[in-house]
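Analysis of the macromolecular model
For reference, the chains in residue letters:
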Amino acid sequence: MCGIVGYIGNEKASPILIKGLLKLEYRGYDSAGIATLEGENISCFKNKGRVKELQNMKEVSTLNGTIGIAHTRWATHGKPSSTNAHPHLDNSNSFAVVHNGIIENYSELRTFLGNAGYTFLSETDTEVIPNLIHYYYTKEDAEEKNKLANAVRKAVSDLKGSYAISVISKLEPNKMIVARKDSPLVIGIKENEKYIASDIPAILEYTNNIYILNDGDIAEITRNSITFYDKDFNVIDKKCEVITWDAKAADKNGYEDYMLKEIFEQPVAIRETIGTRLNIGDKCNFDDINISKEYLSEISRIYIVACGTAMHAGLAVKPIMERLISIPVEVDIASEFRYRDPLIDERTLIICISQSGETADTIAALKSAKEQGAKTIAISNVIGSSITREADYTIYTHAGPEIAVASTKAYTSQITILSLLAIYFAEVLDVDEKNMINNLKDEIRELPSKVSIVLENTEPIKEFAKRIYKEKDVFFIGRGSDYAASMEASLKLKEISYIHSDAYQSGELKHGPIALIEEDVTVIGIITDRRLLEKSVSNLAEVITRGAKTLLITNQNINEAEFPNIIRIPQVHPLLSPVLSIIPLQLLAYYVSKEKGLDVDKPRNLAKSVTVE
Ligand code: AGP
């Protein structure tokens, strides 16, 4: 997954482009490049490494052009190198292209273009695009009207796979052409200036008037106009969204890292996600999907399908949904889902969770389920993201931009919105669970304030992080919803501290994993369910007798004498407890990573949204 920015206006393009790339580095950061129109020619500079290094190239400071494109890369085809970095130009240096996505048929296209006399400098799939554009632009039968847009249209119609591209050309130096399929692209507009980017935060400081491209859309952009075409090259109108985030929301607001900012934003994110869905006295409000009782009554199975943290949110909500509506709920990892031939028919409901809305595995799973007759609901945090264009219904979390690769506020917002959805389903079905529904509603209303309480108690977590940051292994254990939270806590620690970690159901330890427990091993327990208290406490005692040092996250009456490191959290319905119990463990992962001096927001090998399968 990569970051794309473009600018056409009256200012020098390069500073705007570099600043945009810096905001998109979380999308990929192994190499970067920039191209601007300088008089009659395209100047293009690229560099292996971070955007900062590109910015410091002396050649970049010589760029004065007012139209340009730039790119920060997360390598898929071709190792990170300056040659493989984007932008890519055609053989005649007439067209420059930046691309996010994967061209699945690039080798056939290379062969076709090779036979037509084109050569390639890079190992990338992307390099076929500028040469295809050149091929169509210079063909005898090329239409003179909208020549550049037409050539791009023909080129992208040959592409199989996913793309968001931006194209500039020295042959038509006052235009930029963009096109997208399965990878996100937005256009920001101001009078006589236009901005394009892979996502909104990169250009929000300039304008909050944003067009979001749909799959198949092409746009021809000049300084004072945009013409949109659909995949059949018919001119179409598009609605301009007015984004309410302010530019600061996409910055760090004074926190050292995006991840810490986003951890502390969770009370607001949850409150925003609840929004007006829980007005006192009313039924849970889901007018945005409006599912009928007739339809829901026929549903025999619900699949929750997602990846990583989003899948862990599904695990946390499965018991709530089953308890409220008595419909079996299965939680599936998206990359496994469609290959295991799941039982799907029109009585199946698919709920796909994706913070970015761009995760290829999750989108592919949703598409496959739709083809088999299932209705689909997407839960996403990004307006207009690809998954929202595929699903039958879309429900947004309102966590605000989540920039850190490690997902935090999205997780707690996803559990919140899915719990509300479960309540909505129960009310649509008119199930006889009034007390439980009203109790859950009250508990959900109180989540933001309870999360704030947990966030006030960071010192003991910092201290424990200092004790374990050199560990090689850390184990998390819990039962029921505490196990769901343990899975997420383990992922957090792994992905930003690079410490190996596993989560186990507490009751499973004695069936094997307890063999791993030895003197001074770290075991972190979560205990929030009164019904499971005794058993959970004895599981933790078992590892202590074998020499483990433990940390316990709990809201139960447990004695410090037996369990020395306890982080207490507020009372909460056990089925909602992951929203609170995960907070100290998000912070623990953060502080461990900081102790190790790692780049918390951009951990190695990872990208914020994985748009490849
Ligand atoms: C979470 O911390 C990870 N960054 C990763 O597991 C992420 O949750 C997963 O890739 C799914 O992303 P999505 O929610 O954008 O689909």
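Let us look at the structure shown here. Remember, predicted model here, so these are calculated numbers, not experimental data.

1. Examining the overall build of the chain
On a plain count of helices and strands, the chain comes out with 18 helices and 25 strands. Taken over the C-alpha atoms alone, the chain extends approximately 80 × 55 × 45 Å along its principal axes. Put simply, the chain has 613 residues, and 62% of those count as buried. Partitioning the contacts of the chain with sequence separation of at least 6, the portion at a separation of at least 24 is 72%. About 23100 Å² of surface is accessible on the chain, with carbon and sulfur atoms providing 48% of the total.

2. Focus on the sheet that holds strand β12 (residues 218–222)
Pairing is antiparallel in the open sheet, where 7 strands are placed in the order β5-β6-β7-β8-β12-β13-β14. The open sheet has two edge strands, β5 (88–89) and β14 (235–236), and neither has a second partner. As paired elements, strand β13 (residues 225–229) and β14 share 2 bridges and run antiparallel to each other. Within β14, the residue paired with Y229 across the bridge is V235. In the packing of helix α4 (residues 128–137) onto the sheet, contacts are made with β5, β6 (95–100) and β7 (163–169), and the angle to β6 comes to roughly 135°.

3. Brief notes about the site of the ligand
The full set close to the ligand counts 14 residues, and S354, S356, T359, V405 and E495 are the nearest of them. Contacts to the ligand include Q355, whose backbone N or O atom sits 2.7 Å from an oxygen atom. A distance of 2.7 Å separates a nitrogen atom of the ligand from a polar atom in the backbone of V405. Contact with the protein chains removes 90% of the 410 Å² of surface that the ligand exposes when unbound. Every element with two or more residues in the shell around the ligand is listed here: α9 (308–325) and α16 (481–497). Within the shell around the ligand, the residues separate by chemical class into 5 nonpolar, 7 polar and 2 charged.

4. With respect to the pairing of strand β24 (residues 549–554)
Of all 6 residues in β24, 6 are buried, a share of seventy percent or more. Alternating positions in β24 separate into two faces, K549, L551 and I553 on one and T550, L552 and T554 on the other, with burial throughout. Bridging between strand β23 (residues 522–527) and β24 involves 6 bridges; their strand directions are parallel. Opposite V523, over in β24, you have T550 as the bridge partner.

5. Digging into the sheet that holds β23
Strands in a sheet are paired, the pairing made by backbone hydrogen bonds, and the direction either parallel or antiparallel. Sheet architecture is open: 5 strands sit in the order β22-β21-β23-β24-β25, paired in parallel fashion. Sheet topology places β22 (500–505) and β25 (566–568) at the edges, where each strand pairs with a single neighbour. Averaged over all pairs of adjacent strands, the angle between strand axes in this sheet comes to 15°, irrespective of strand direction. Relative to the sheet, helix α18 (residues 578–595) contacts β21 (473–478), β23, β24 and β25, its axis offset from that of β24 by approximately 140°.

6. Notes on the side chain of R180
For R180, the location among the structural elements is in strand β8 (residues 176–181). Side-chain polar atoms of R180 contact the side chain of S386, separated by 2.8 Å. Other than its neighbours up to four places away in sequence, R180 contacts Y163, A164, L185, L213, N214, D215, G216, D217, G384, S386 and R389.

7. Some remarks on the nonpolar core
Of all hydrophobic cores here, the largest spans 95 residues; its most connected members are I302, I351, I377, L421 and F425. For this core, the element with the highest residue contribution is helix α13 (residues 409–428), accounting for 12 residues. Discounting residues that sit within four places of it in the chain, F425 has contacts with I291, L296, I302, M321, I325, L349, I351 and I377. Ranked by size, the runner-up nonpolar core spans 28 residues in total, among them L113, A155, V156 and L159.

8. Side note on helix α3 (residues 106–115)
For α3, the set of buried residues is Y106, L109 and L113. All buried residues of α3 fall inside an arc of 60° around its axis, so they share one side. Pointing more than 90 degrees away from the buried face of α3 are the exposed residues E108 and N115. Looking at the packing, one finds that the buried side of α3 touches α4. Just downstream of α3, G117 is the residue with a positive phi angle, here 100°.

9. Topic: helix α15 (residues 459–468)
Looking only at α15, the buried set comprises I461, F464, A465 and I468. All buried residues of α15 project into a common sector of 105° when viewed along the axis, lining one side. Those residues of α15 that are buried lie in contact with β21, β23, β24, β25 and α18.

10. Re the packing of aromatic side chains
Overall, the coordinates contain 13 aromatic pairs when judged by the stated rule. Seen from their ring centres, Y229 and F233 are 4.1 Å apart, and the 15° between their planes marks the pair as stacked. Here Y229 matches F233 in class, with each residue buried. Between Y424 and F425 the ring centres are 6.1 Å apart and the planes differ by 45°, which places this aromatic pair in the tilted class. Across this residue pair, the class does not change: Y424 and F425 are buried. Among the aromatic residues, those joined into a ring-pair cluster are Y7, Y195 and Y206. The positively charged end of R277 is found above the aromatic ring belonging to F286, 4.2 Å away from the centroid.

11. A look at the pairing of strand β19 (residues 375–380)
When you tally the buried positions in β19, you get 5 out of 6 residues, the bulk of the element. With helix α11 (residues 360–371) bridging strand β18 (residues 348–354) and the parallel β19, this β-α-β connection has right-handed handedness.

12. Brief notes about the environment of N438
Mapping N438 onto the fold places it in helix α14 (residues 434–455). C-alpha of N438 to C-alpha of K283: the two residues are 155 residues apart in sequence and 9.9 Å apart in space.

13. Regarding unusual backbone geometry
A cis geometry characterises the amide bond from H86 onward to P87, with omega recorded as 5°. Turning to its location among the elements, P87 is positioned in the loop between β4 (67–73) and β5. In this structure, F233 is a non-glycine residue whose phi angle is positive, near 65°. Here F233 lies in the loop between β13 and β14.

14. A short note on the packing of α13 against α18
Packed helices, taken two at a time, are described by the angle between their axes plus the distance between the axes. Orientation of α13 relative to α18, taken along the N-to-C sense of each, is 175°, at an axis distance of 10 Å. In terms of orientation, α13 and α18 fall into the roughly antiparallel class. Note on element contacts: α18 touches α13 through P578, V579, I582, I583 and Q586, opposite Y411, T412 and I415. Looking at the contact of α13 with α18 residue by residue, the classes come out as 6 nonpolar, 2 polar and no charged.

15. Remarks on the pattern of salt bridges
Enumeration over the complete set of coordinates arrives at 35 salt bridges. Residues D257 and K594 are paired through a salt bridge, measuring 2.9 Å at the closest nitrogen-oxygen approach. With D257 in the loop between β15 (241–242) and α6 (258–264) and K594 in helix α18, this pair connects stretches of sequence that are 337 residues apart. The class for D257 is buried, based on a relative accessible area of 8%. A relative accessible area of 27% means that K594 is categorised as partly exposed.

Rules behind the numbers
- Residues numbered from 1 in each chain as written.
- Predicted model: local features only at pLDDT ≥ 70, side-chain atom pairs only at ≥ 80, totals over all residues.
- Heavy atoms only, no water.
- Helix = DSSP H or I, 4+ residues; strand = E, 2+ residues; numbered from the N terminus.
- Buried < 20%, exposed > 50% of the residue type's maximum accessible area, 1.4 Å probe, protein only.
- Contact = heavy atoms within 4.5 Å.
- Areas by Shrake-Rupley, 256 points an atom, 1.4 Å probe, with all protein chains shown as cover.
- Pairing = 2+ DSSP bridges.
- Axes fitted to C-alpha atoms, helices over the stretch in contact; angles between N-to-C directions.
- Near = heavy atom within 4 Å.
- Polar contact = N/O pair within 3.5 Å; in protein donor to acceptor, adjacent residues only side chain to side chain.
- Nonpolar A, V, L, I, M, F, W, Y, C, P; charged D, E, K, R; others polar.
- Core = buried A, V, L, I, M, F, W, Y, C linked by side-chain atoms within 4.5 Å.
- Arc of directions from axis to C-beta.
- Phe/Tyr/Trp six-rings, centres within 6.5 Å; stacked < 30°, edge-to-face > 60°.
- Lys NZ or Arg CZ within 6 Å of the ring centre and 35° of its normal.
- Right-handed = clockwise from strand over helix to strand, strands pointing away.
- Parallel < 35°, antiparallel > 145°, perpendicular 65-115°, else oblique.
- Salt bridge = Lys/Arg side-chain N within 4 Å of Asp/Glu carboxyl O.

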